Amino acid sequence: MRATTDITRLITEGIQDRKGRKITHLDLSGIETAAASNFIICEGTSTMQVSAIADNIREHLLKEAGIKPYNYDGYQNAQWIVIDYGDTLVHVFVPETRERYNIEELWNDAKVTEIPDLL
């Protein structure tokens, strides 16, 4: 598998291609109890956009790097879709659900990188 920075870049591109917003990268590599070394969190304005962002991430990583997710879940209601790339978990939310679960606060001891929205 490619380096984490490559995967992070590809995931970010996949999000931005579908106008995903408020992208946050949490580096959890120093946290022993974390489920993965990296979380990438973003949001779409509607369930339709959340699904489109998640689909595009999966398609972009497959096309650009031949990387398939181990699993994914949440398409049923598309309030929160998670895509599992092993060391990296991608969380795509609608704003209300992101606020409710507040993953950034839950893992506030992680190194946080905010990725600016494209205009």
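This section reports on the structure supplied with the text.

**Structural notes on unusual backbone geometry**
Glycine aside, residues mostly have negative phi, and peptide bonds are mostly found in the trans state.
Line of reasoning, step 1. The phi angle at Lys22 is positive, at roughly 50°, despite the residue not being glycine.
Line of reasoning, step 2. Its place among the elements puts Lys22 in strand β1 (residues 21-27).
Line of reasoning, step 3. Lys22 gets classed as partly exposed once you look at its relative accessible area, which sits at 44%.
Line of reasoning, step 4. The phi dihedral of Asn102 falls on the positive side, at around 45°, and the residue is not glycine.

**A closer look at the nonpolar core**
Line of reasoning, step 1. One finds Ile11, Ile15, Ile57, Leu61 and Tyr85 to be the most contacted residues of the largest nonpolar core, which totals 21 residues.
Line of reasoning, step 2. Counting residues per element, the ones that place at least two in this core are α1 (4-17), β2 (38-43), α2 (47-65), β4 (80-84) and β5 (88-93).
Line of reasoning, step 3. Sort the elements by how many residues they give to this core and α2 lands first, with five residues.
Line of reasoning, step 4. If near-sequence neighbours (up to four positions away) are discounted, Ile15 is found in contact with Gly20, Ile23, Ile40, Cys42, Ile53 and Ile57.
Line of reasoning, step 5. Among the nonpolar cores identified, the runner-up in size contains 12 residues, and Leu28, Ile31, Ala34 and Ile103 belong to it.

Criteria and thresholds
Residues numbered from 1 in each chain as written. Predicted model: local features only at pLDDT ≥ 70, side-chain atom pairs only at ≥ 80, totals over all residues. Heavy atoms only, no water. Helix = DSSP H or I, 4+ residues; strand = E, 2+ residues; numbered from the N terminus. Buried < 20%, exposed > 50% of the residue type's maximum accessible area, 1.4 Å probe, protein only. Core = buried A, V, L, I, M, F, W, Y, C linked by side-chain atoms within 4.5 Å. Contact = heavy atoms within 4.5 Å.

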